[in-house]
Amino acid sequence: MSATAPALQRNIPWLLVALAWTIAPHIPHLPLWATPLCIGLGIWRWLVARRGAKLPNKWLLLTLAGLAGFGVLSSYGTITGRDAGVALLIVMLSVKLMELRSVRDGVVMIFLGYFLVITNFLYSQSILMGLYMLVAVLMVTATLIGLNQPTSAGNAKQKNFLD
């Protein structure tokens with residue numbers, strides 16, 4: 001197993017599902033390259049958690065973040081504004097997945113997920129989208145609760161996605 005905190009390790013699949021659910025409505029507004037990048041990084045993070053492999057080093061992450069930022073800049077001509085800002089948030093959130101090591105990092109991802117829910121209302125404020133985002137908030141909140149569940153050596157082993 002990696003040096004990831006047990007509470008985070010147990011909840012990484014839930015976090016990935018909640019964030020994927022939250023990102024999904026943004027896909028039509030993203031550049032074509034951003035969706036495969038997000039999916040690829042999500043799968044990579046899941047595999048790292050599943051196999052207990054090492055996370056990538058900071059230089060690879062810095063390079064990936066720089067390339068993602070440059071990709072947003074070249075796709076939109078700016079990194080400000082609604083479309084470019086949301087795209088930058090999503091690709092950087094995906095890169096941030098690759099450096100999750102502690103519960104604190106997981107909580108940061110949760111709050112970024114909440115912020116991402118709000119950004120969806122910049123595109124659509126329909127009742128159906130509101131219900132969809134309500135489910136997203138519930139999923140993100142459930143993951144936050146899971147991250148904060150105490151674990152002790154005396155408890156029976158909990159079943160999770162990784163087993």
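Residues numbered from 1 in each chain as written. Predicted model: local features only at pLDDT ≥ 70, side-chain atom pairs only at ≥ 80, totals over all residues. Heavy atoms only, no water.

A. Representation of the overall build of the chain within the structure. Across its full length, the chain carries six helices and zero strands. The order of helices and strands in the chain, counted from the N terminus, is α-α-α-α-α-α. When each of the 163 residues of the chain is scored for burial, the buried share is 42%. Taking as baseline every contact in the chain between residues at least 6 positions apart, the subset at least 24 positions apart corresponds to 75%. Carbon and sulfur atoms make up 70% of the accessible area of the chain, which amounts to about 8,900 Å² in all. (Helix = DSSP H or I, 4+ residues; strand = E, 2+ residues; numbered from the N terminus. Buried < 20%, exposed > 50% of the residue type's maximum accessible area, 1.4 Å probe, protein only. Contact = heavy atoms within 4.5 Å. Areas by Shrake-Rupley, 256 points an atom, 1.4 Å probe, with all protein chains shown as cover.)

B. Representation of the nonpolar core in the model. In this structure, Ile90 and Met109 are the most contacted members of the largest nonpolar core, which totals 35 residues. Elements represented by at least two residues in this core include exactly helix H1 (6–23), helix H2 (34–51), helix H3 (58–76), helix H4 (82–96), helix H5 (103–120) and helix H6 (127–147). Top element by residues in this core is H4. It accounts for eight residues. Every residue in contact with Ile90, bar those within four places of it in the chain, is listed here: Ile23, His26, Leu30, Cys38 and Leu116. (Core = buried A, V, L, I, M, F, W, Y, C linked by side-chain atoms within 4.5 Å.)

C. Layout of the packing of H4 against H5. Following both chains from N to C, one finds H4 and H5 inclined at 160°, their axes separated by 11 Å at the closest point. By the angle class used here, H4 and H5 are roughly antiparallel. Like other packed secondary-structure pairs, H4 and H5 cross with a definite hand, here left-handed. Here H4 contributes Val86, Leu89, Ile90, Leu93 and Lys96 to the contact with H5, which in turn contributes Asp105, Val108, Met109, Leu112, Gly113, Phe115, Leu116 and Thr119. Residue classes in the contact of H4 with H5 are distributed as nine nonpolar, two polar and two charged. (Axes fitted to C-alpha atoms, helices over the stretch in contact; angles between N-to-C directions. Parallel < 35°, antiparallel > 145°, perpendicular 65-115°, else oblique. Left-handed = near helix turned anticlockwise from the far one by under 90°. Nonpolar A, V, L, I, M, F, W, Y, C, P; charged D, E, K, R; others polar.)

D. Local environment of the side chain of Thr143. Within the element layout of this structure, Thr143 appears in helix H6. Residue class for Thr143 comes out buried when judged on its relative accessible area of 3%. Leave out the neighbours within four places in its chain, and Thr143 touches Asn11, Trp14, Leu15, Ala18 and Ile110.

E. Spotlight on the environment of Gly130. Summarising the element assignment, Gly130 is placed in helix H6. The class for Gly130 is partly exposed, based on a relative accessible area of 27%. Distance in space between the C-alpha atoms of Gly130 and Asn120 is 9.4 Å, their sequence separation being ten residues.

F. Representation of the environment of Ala87. Relative to the elements of secondary structure, Ala87 occurs in helix H4. Given the relative accessible area of 1%, Ala87 is considered buried. Once the C-alpha coordinates of Ala87 and Gly69 are considered, the two residues, 18 residues apart in sequence, prove to be 9.3 Å apart. With sequence-adjacent residues up to four places away left out, Ala87 is seen in contact with Leu30, Pro31, Val72 and Tyr76.

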